[in-house]
Every structure is written in C-alpha cells, then in structure tokens.
Amino acid sequence: MKVSMAMMMLLSLATRRSVTTAFRATTCTPRLASMRTLSTTTTTTTTTTTRLLSTTTVDKSVYANPERYSIDHPLNNIPPHIAALVGRGLHEKADHPLGIINAKIKEYFASLDEEYEFFLGEDPIVTYKQCFDDLRIPPEHPGRSPSDTYYIDDTTLLRTHTSAHQSQHLAQGHERFLCAGDVYRRDEIDASHYPAFHQLEGVKLFPQHADHDLTGEEWLQSAECEAIKTDLKNTLEGLMDHLFGPVEKKWSEDYFPFTDPSMECEILYNGEWLEVLGCGVIHTEVLDMAGRGDRRGWAFGLGLERLAMILFEIPDIRLFWTDDKRFHEQFEEGKITKFKSYSKYPPCYKDIAFWLPEGYEENDFFELARGVAGDLVEKIDLTDEFTHPKTNKTSKCYRITYRSMDRSLTDDEINALQEDLRSKSESELKLEVR
C-alpha cells in the first residue's frame, strides 16, 4: 500500500510505489496536553485534551468540485474518476476506519507533554515547489513523471504526499505539528494499491543548540543529532504501542532526500514483520529553504490505509471508498473492530496482450483500465512477456481480474468493458493489441 510523508512515496516507488526499536516506549504516565486542530470547517471549542481552532474561511466543500482538477490544459492528466475522489474527507469521518485511526493518532500526541498542532484543511492542489523542490526531490526522480503524478497545469498538481505542506508550515513558524490528508498517485492495481489514499505527517523542531552550526558528517556524528534521533524513535515506539498494543519493533536505515539520517520502522504483529512508517532527522537543506536553518528537528510519515487494513483486517483497499452500508455499519467512533466480509462474489478473468510502443509506461495502462472499469478492476497481473527475435519488439500479456464487492457481474457487462479497454488501448496509448 501505497505505506507518507514524502518518504512513503519513495518507499512505495521502490517497492510499491501507502514506514521504532532498540528502545521501549516511554513507561511513565504522560500528562495530558492540548493539541490544536487547524481545519477549514471546524469551530473553536475546548475539551480537556484538545483545542480545535479554525484558521481559514475557505469552505472545504470547494475541494469536492471535480471541475477544479480536470481542466483544459495540455499537461493536465487527471481523469474524471480521479477528480471525483478529491475532497471526500474519509479521514475526517469519525466512524470511518480511516477517521478512527486518525483520531487515535491525535489522541496519542495529545497525551504527550508537548503541544502539537493538527492541520486538516490544506488544499490538495500544491505547487511543484511544495511537492518536490522544497523536499530536495531532484528533477529526474521518477515520482515527477506524469505516469506517476497527476498534474493540473504547468505549475500545480494533486499532492503526492502530505509532506508537500511541511515546508509551508515550517516557514509559517509552526514547530510541532501533524498534518493529515488525501494524496494521489498513479499506481499498480491490486488489493493494497489505489490511486487515492491518505497520509499523516508529523514534524517536531528542537530549541537552538550549539551543534546547529555543524554540517555534513560532523552533524550526523554529533550528540544533538543522536538525541533528536532517539527522541523520534521513542515517540514513534509509543505511537505504535498506542495503536497496536505492546509490540516488538525493528529499525533499519533507509534513504530519503529530505531527512538525514533516515529510518523505517517495522513491527511484529500477529507473527509477521510489517513496515509501518518512514522517518528521520530533517535534512538541513530542507530547513534552510523553509527559513528555519537555525533549528533542527525530526519528521515522520505513515499511510492511514496501511494501518487500518492491518488493525481492522480489511482485505481490499477499495472498500474504504464504498458507499455500501454493509461496510459502514460495522464501524463505530473510537472502536477498532474486525471487518466481517459481506460478499463473496466470483471474479471474472480477461486477458489482453499487445506490442509495446516506444516509451510505454505501465502505469498509463493501469490508469486507462481504471478509467474504463473503475473499481470493478480488482487486480491486473503481468502473465507473460517476450521479445520477438527478428523484430526485437516486446509483447506483454496482462490478466485482468474483474470483481464487484457489491454484486455479481454478467458476462455481457465484462465483455463490453474489455472491448472498450482494447479499443482505448489502441486509440489513446497507441498499443498494438494482439
């Protein structure tokens, strides 16, 4: 699954494309602290643990207007089925699995000694600079490709990670905050990948320290860098225990362009090691670009679907987007309950094979299939690939699994969809269908 912050993008680009343990979680009882939730629609209220503050007059219902995203521009590659997903705010619904996980993470950070702000209402449209440049993601990175990212025009796109707002909030003077939202990426098609999903980002800055003048290897070997790293691990180990109960954790080094050093966390849950988040000490250049070069800090990111699929035992990521009451009536605010499957409808398999044109991108074919059949496409597997010895042309054959979560599909229905896919593969992608 698509496991946030920009580091989740890179984790998943390498494997998917939504990740502490030498130290145990803090055992002392934390005193309750206030957390400010910054949202476009909430009113100002106060409880024993949370202050909710409105920071903008923008109505988030504006985000749910598909016409904002599918505009007439030569670089726009946002199809109607993606534009229709934006702004649904699943992570804000109190009785939705994503909203329940989101609330539990807020609950944990509200229990810590320090106050964290919680941003909930940022516009899903961001600039190239926010999404890539501010995070040291180089121009040649595959995440910038139109086959991976949904572009609106020559300056803006649908955010591919919540990290796109990190530098924005740092530049505005915020020092400890969480940021959750829906993010969008073209991707493969299976039970754990979907072009729209949700991430949560966390950032913490530390007071000025003498070691802040250090750079490069000297900074990485400094006592302050190690102290920030330790604080990060302790904080996230506590979060994992809060969500999963006491679990064994494992840390490994990783690489992200926006943190250094960088790490990923795995937990041992139900006998299996699972990647859950990516994190690290914020790269000094990222802080410099945000006008906070005099400070140091950490950042982490995680995928809400990833955690929800584990905790609620939800087998298919498409279910998060369903309107079927048989799904939604199983969940209640504040409670983690195991999902009970309500459908066992049979799959329908169809194969498609074609010769590859120059510059073929697999994600473009996956996106076309989603556009034709929507969520009826459960999975697409590559079943065969060969290169003709004389023409040197390469052919690929894919098996498409069609299955509805709500009803049985008819042969006529699937045959019509398959024929439409074959036709559009030739006309739109210039594939030579066999």
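Residues numbered from 1 in each chain as written. Predicted model: local features only at pLDDT ≥ 70, side-chain atom pairs only at ≥ 80, totals over all residues. Heavy atoms only, no water.

Attention shifts here to the overall build of the protein. A tally of helices and strands in the protein yields twelve helices and 16 strands. In the protein, which comprises 434 residues, the share counted as buried stands at 55%. (Helix = DSSP H or I, 4+ residues; strand = E, 2+ residues; numbered from the N terminus. Buried < 20%, exposed > 50% of the residue type's maximum accessible area, 1.4 Å probe, protein only.)

Moving on, we get to the pairing of strand 14 (residues 377-387). Summarising the sheet, strand 14 and strand 15 (residues 394-402) pair through nine bridges and their orientation is antiparallel. Bridge pairing in strand 15 places K379 opposite T401. Hairpin connection between strand 14 and strand 15: a loop of six residues separates the two successive antiparallel strands, and N392 in this loop has a positive phi of roughly 65 degrees. (Pairing = 2+ DSSP bridges.)

On to the nonpolar core. Counting 68 residues, the largest nonpolar core has I105, F109, F244 and F300 as its most contacted members. Per element, the largest residue contribution to this core is eight residues, and it comes from helix 7 (residues 223-244). One finds V372, I380, I400 and L431 within the second-largest nonpolar core, a separate group that totals 23 residues. (Core = buried A, V, L, I, M, F, W, Y, C linked by side-chain atoms within 4.5 Å.)

For the rest of this paragraph, the subject is the sheet that holds strand 16 (residues 432-433). Ordered in space as 14-15-13-16, the four strands form an open sheet in which the pairing is antiparallel. In the strand order of this sheet, the two ends are held by strand 14 and strand 16, each with one partner. Direction of pairing for strand 13 (residues 348-355) relative to strand 16: antiparallel, over a ladder of two bridges. The residue of strand 16 that forms the bridge with F354 is V433. Here helix 12 (residues 411-427) sits on the sheet and contacts strand 13, strand 15 and strand 16; the angle it forms with strand 13, its principal contact strand, is near 15 degrees. (Contact = heavy atoms within 4.5 Å. Axes fitted to C-alpha atoms, helices over the stretch in contact; angles between N-to-C directions.)

Contact geometry for helix 11 (residues 362-373) and helix 12: axes closest at 10 Å, N-to-C directions at 140 degrees. In terms of their interaxial angle, helix 11 and helix 12 are classed as oblique. Considering how the two elements wind past one another, helix 11 and helix 12 form a crossing that is right-handed. Facing F365, L368, A369, V372 and A373 of helix 11, the residues of helix 12 in contact are L417, D420, L421, K424 and S425. Considered class by class, the residues forming the contact of helix 11 with helix 12 number seven nonpolar, one polar and two charged. (Parallel < 35°, antiparallel > 145°, perpendicular 65-115°, else oblique. Left-handed = near helix turned anticlockwise from the far one by under 90°. Nonpolar A, V, L, I, M, F, W, Y, C, P; charged D, E, K, R; others polar.)

What follows covers the side chain of H96. Topologically, H96 is positioned in the loop between helix 2 (80-83) and helix 3 (97-110). One polar contact links the side chain of H96 to the main-chain amide nitrogen of L98, over a distance of 3.1 Å. (Polar contact = N/O pair within 3.5 Å; in protein donor to acceptor, adjacent residues only side chain to side chain.)

Spanning 17 residues, helix 12 covers 24 Å between terminal C-alpha atoms, matching the ideal 24 Å at 1.5 Å per step. Turning to helix 12, its buried residues number three or more, namely I414, L417, Q418, L421 and S425. Axial view of helix 12: buried residues confined to an arc of 100 degrees, hence all on one face. The secondary structure elements touched by the buried residues of helix 12 are strand 13, helix 11, strand 15 and strand 16. (Expected span 1.5 Å × (residues − 1). Arc of directions from axis to C-beta.)

Moving on: the confidence of the model for the protein. For the protein, the average pLDDT comes to 86, and 86% of its residues sit at 70 or higher. Predicted confidence for residues 1-37 stays below pLDDT 50, and this span has 174 contacts to residues more than four positions away or in other chains. Confidence over residues 39-57 falls short of pLDDT 50; this stretch has 42 contacts with residues more than four positions distant or in other chains. (pLDDT = per-residue confidence, 0-100.)

For the rest of this paragraph, the subject is the pattern of salt bridges. Considering all chains together, one arrives at 23 salt bridges under this definition. With its nearest N and O atoms 2.7 Å apart, the salt bridge here joins R295 to E175. Of the two residues, R295 sits in the loop between helix 8 (284-289) and strand 12 (296-303) while E175 sits in the loop between helix 5 (166-171) and strand 7 (176-184), which places them 120 residues apart along the sequence. Given a relative accessible area of 26%, E175 falls into the partly exposed group. One salt bridge in this structure joins R399 and D351, with 2.8 Å as the shortest N-O distance. Of this pair, R399 sits in strand 15 while D351 sits in strand 13, placing them 48 residues apart in sequence. (Salt bridge = Lys/Arg side-chain N within 4 Å of Asp/Glu carboxyl O.)

Aromatic ring pairs are defined here through the distance separating the ring centres and the angle between the ring planes. For the structure shown, the criterion picks out 20 aromatic pairs. Look at F109 and Y116: their rings are 5.0 Å apart centre to centre, the planes differ by 65 degrees, and that puts the pair in the edge-to-face class. Just as F109 is buried, Y116 falls in that class too. By the ring-pair criterion, three or more aromatic residues cluster together here, those being Y108, F109, Y116, W298 and F300. A cation sits over an aromatic face here: K250 above W273, 4.3 Å from the ring centre. Over the ring of W219 we find R296; its NZ or CZ atom is 5.2 Å from the centre of that ring. (Phe/Tyr/Trp six-rings, centres within 6.5 Å; stacked < 30°, edge-to-face > 60°. Lys NZ or Arg CZ within 6 Å of the ring centre and 35° of its normal.)

Packed helices, taken two at a time, are described by the angle their axes make and the gap between the axes. Across the interface, helix 3 lies against helix 9 (residues 304-311) with an axial gap of 9 Å and an inter-helix angle of 105 degrees. What the angle tells us is that helix 3 and helix 9 run roughly perpendicular. For the pair formed by helix 3 and helix 9, the contact residues are P97, L98, I101, N102 and I105 on the first element and L304, E305, L307, A308 and L311 on the second. Here the residues of the contact of helix 3 with helix 9 sort into eight nonpolar, one polar and one charged.

On to the pairing of strand 10 (residues 259-269). Burial analysis of strand 10 places nine of its eleven residues in the buried class, the great majority of the element. Sheet analysis places strand 9 (residues 248-256) next to strand 10, joined by eight bridges and oriented antiparallel. Bridge pairing in strand 10 links E253 to M263. Count of turn residues in the strand 9/strand 10 antiparallel hairpin: two residues. Note that strand 10 and strand 11 (residues 272-282) share nine bridges and pair antiparallel. Paired with I267 across the two strands is L274, which belongs to strand 11.

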